[in-house]
Amino acid sequence: MKKYLFVFVCSLICFACAEEKPHQPVSAGAGKPPPVTEVKAVSISGGARVSYKIPDTNDLLAIKAVYAMSNGKQREVMVSYYTDTLLLEGLVDTLEHEALLYSVSRTQALSDPVPVSFKPLESSLSKTIRSVRIFADFGGAAFSWKNEDKALLTYDLLAENNQEVMMVSNVFQNRLDSMVYSIRGFEATPRKFAINISDQWGNESGLIYPEGGTLTPLHEEKLDKSAIHFMRLPGDSEFNIWGGMDLFLLDDNLNTFGHSTPEDWPPYLTVDLGKKVNLSRIVIHQRLFENGYYNAANWKVFNVWKCTVETPTTAHVNWAEWEHVIEGKLEKPSGTPIEAGCTNEDIRQAKRGDSFAFPREMEPVRYLRLRGTETWGGFNYSFIAEISFYGSYAQ
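These figures come from a predicted structure and were not determined experimentally.

The next subject is the overall build of the protein chain. When helices and strands are tallied, the protein chain shows three helices and 24 strands. Relative to the globule expectation of 21 Å for 395 residues, the C-alpha radius of gyration of the protein chain, 31 Å, shows a markedly less compact shape. Seen through its principal axes, the protein chain has C-alpha atoms that stretch 100 × 70 × 45 Å. Pairs at least 24 residues apart make up 69% of the contacts formed inside the protein chain by residues separated by at least 6 positions. For the protein chain, the exposed area adds up to about 21200 Å²; of that, 52% sits on carbon and sulfur atoms. Taking the average location of the 39 positive side-chain charges in the protein chain and that of its 49 negative ones, the two points are 5 Å from each other.

Have a look at this one:
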């Protein structure tokens, strides 16, 4: 036994003392690969779509493009040798650019470069920046823009604080083709508001201010819910089943809810605000159901009518006395399906409440009718955690 142990130890020593050989590639490869041919570039927003003929070689791993971004930084794009097209993206100018295309072998050897020139079309970011409008809103400022390419963009909304410093009020990211978003909670005194828009390649708009630099928010307050109650018009739902109560819709408690019945689908609610109000917006808070939002019987689409007479008919619903003012669609910021759950931004928006503005020119009103017409789960009943109204009481 000792003899065998001695032989084993000697073998280990000899192995350790042997001269270490430099690492070699698994395969020596075939040297420099042949380049791509028949290269063509088609301009797109912020870049180009480049097509080419793949070289006939068994040693090919990928195709790589190298080009300079608008800020001068170099960017590389690499795609599999199975594809004959690659995208050059992230530019925010319309100048002529040149990209160098390389074939890449399995041993990382590069072919001779093949240049291709292109002129990007106006970028999605630039087009969105041109569409920005900022205007005074109830309690703050409203920002509107169009993202016609539905590019993934990030929006930073800022407001000046009392120390005259621009502070971020909200940040979110989406691909919506158009949007109007308001930041609120400010007094009706002149203040600077701004927006910064950026894309996934690090390009930014810089702060965009409203014309004139400052805005004066319109006076806004949350309406006193103790003065609000639900009327009972024929056909209205009571929202009083399965643990819900319509009174819970006005209790400022997001852990309670109102629940309609299938017999009342689609459900109506008639609201008496207590007195005439210059309404600015309605805020819908969803029920947190199975630890998620934008699901089940939460409202996805709803409509609002205002009463055009002093007091509505109560014996029956006289639609001649009601005028449609809002169709509200609750948008999930991430755009993901129900089964994917909610992102952090989805959750933040749901907790803030989904806000819908009334027409700016709308006359003061006291009575409203609400009707949920579609739920996220396609159910024929619905639930809501809370409904809030904002504006200013008419003098």
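Next comes the rest of the description.
Attention shifts here to the sheet that holds strand 14 (residues 214-215). The strand order across the open sheet formed by four strands is 11-10-13-14, and the pairing between neighbours is antiparallel. Each having just a single partner strand, strand 11 (166-174) and strand 14 make up the two edges of the open sheet. In terms of strand pairing, strand 10 (residues 153-160) meets strand 11 through eight bridges, oriented antiparallel. For Asp156, the partnering residue across the bridge sits in strand 11 and is Val171. Along the sheet face, helix 2 (residues 124-131) touches strand 10 and strand 13 (191-199) and points at about 160° away from the line of strand 13.

Looking now at the layout of surface pockets. Estimates place the volume of the second largest pocket at around 250 Å³. Classifying every residue of the lining of the second largest pocket gives eight nonpolar, six polar and three charged.

Here we come to the sheet that holds strand 2 (residues 47-53). If you trace the three strands from one edge of the open sheet to the other, you get 1-2-5, paired in antiparallel fashion. Edge strands, defined here as strands with exactly one partner in the open sheet, are strand 1 (37-44) and strand 5 (85-88). Here the average twist between neighbouring strands, direction ignored, is 20°. Two elements, strand 1 and strand 2, share six bridges in a ladder whose sense is antiparallel. The residue bridging Lys40 from the neighbouring strand is Ser51, located in strand 2.

When you tally the buried positions in helix 2, you get six out of eight residues, the bulk of the element. All of the buried residues in helix 2 are Ser124, Leu125, Ser126, Lys127, Thr128 and Ser131. Where helix 2 is buried, its residues touch strand 8 (133-137), strand 9 (140-146), strand 10 and strand 13.

This part is about the pattern of salt bridges. Counted under the stated rule, the structure contains 18 salt bridges. Between Lys32 and Asp112 there is a salt bridge; the shortest N-O distance is 2.9 Å. Of this pair, Lys32 sits in the loop between helix 1 (2-17) and strand 1 while Asp112 is found in the loop between strand 6 (97-105) and strand 7 (114-118), placing the two residues 80 residues apart along the sequence. Since its relative accessible area comes to 44%, Asp112 is described here as partly exposed. The shortest N-O distance in the salt bridge between Glu76 and Lys64 comes to 3.9 Å. You can see Glu76 sitting in strand 4 (residues 74-80) and its partner Lys64 sitting in strand 3 (residues 60-68), a full 12 residues away along the chain. The class for Glu76 is partly exposed, based on a relative accessible area of 48%. Here Lys64 falls in the buried class, since its relative accessible area comes to 12%. Members of the salt-bridge network, linked through shared partners, are Asp137, Arg184, Glu220 and Arg281.

This paragraph deals with the environment of Asp264. As for its placement among the helices and strands, Asp264 is situated in the loop between strand 17 (258-259) and strand 18 (268-285). For Asp264, a relative accessible area of 24% puts it in the partly exposed group. Once the C-alpha coordinates of Asp264 and Ser237 are considered, the two residues, 27 residues apart in sequence, prove to be 5.6 Å apart. Within the structure, the side chain of Asp264 is placed 3.3 Å from the side chain of Ser237, a separation counted as a polar contact. Side chain to side chain, Asp264 and Thr261 meet in a polar contact 3.1 Å long.

Counting 33 residues, the largest nonpolar core has Leu279, Ile282, Leu368 and Phe389 as the members making the most contacts within it. Put simply, the parts of the chain that give this core at least two residues each are strand 18, strand 19 (299-307), strand 20 (322-329), strand 22 (365-375) and strand 24 (386-393). At seven residues, strand 18 tops the list of elements feeding residues into this core. Core analysis: the second largest hydrophobic core is formed by 20 residues, Ala141, Ala151, Tyr155 and Ile208 among them.

In this section: unusual backbone geometry. In the segment running from Trp265 into Pro266, the intervening peptide bond is cis, with an omega of -10°. As for its placement among the helices and strands, Pro266 is situated in the loop between strand 17 and strand 18. Even without a glycine there, the phi angle at Gln108 is positive, about 70°. By the element assignment, Gln108 lies in the loop between strand 6 and strand 7.

Bringing the confidence of the model for the protein chain into the picture now. Regions with low pLDDT carry predicted coordinates that are not meant to be interpreted in detail. Per-residue confidence for the protein chain gives a mean pLDDT of 91; residues scoring 70 or more make up 92%. Long-range and interchain partners of residues 1-27, a stretch whose pLDDT sits below 50, account for one contact in this model, where long-range means more than four residues apart.

Thresholds, definitions, all that
Residues numbered from 1 in each chain as written. Predicted model: local features only at pLDDT ≥ 70, side-chain atom pairs only at ≥ 80, totals over all residues. Heavy atoms only, no water. Helix = DSSP H or I, 4+ residues; strand = E, 2+ residues; numbered from the N terminus. Rg over C-alpha atoms; globule rule 2.2 N^0.38 Å. Contact = heavy atoms within 4.5 Å. Areas by Shrake-Rupley, 256 points an atom, 1.4 Å probe, with all protein chains shown as cover. Lys, Arg positive; Asp, Glu negative; His and termini not counted. Charge placed at Lys NZ, Arg CZ, Asp CG, Glu CD. Pairing = 2+ DSSP bridges. Axes fitted to C-alpha atoms, helices over the stretch in contact; angles between N-to-C directions. 1 Å grid on protein atoms, 1.4 Å probe; cavity = no way out; pocket = protein on both sides within 12 Å on 5 of 7 lines; lining within 4 Å. Points joined across faces, edges and corners; volume = space filled by probe spheres on them. Nonpolar A, V, L, I, M, F, W, Y, C, P; charged D, E, K, R; others polar. Buried < 20%, exposed > 50% of the residue type's maximum accessible area, 1.4 Å probe, protein only. Salt bridge = Lys/Arg side-chain N within 4 Å of Asp/Glu carboxyl O. Polar contact = N/O pair within 3.5 Å; in protein donor to acceptor, adjacent residues only side chain to side chain. Core = buried A, V, L, I, M, F, W, Y, C linked by side-chain atoms within 4.5 Å. pLDDT = per-residue confidence, 0-100.

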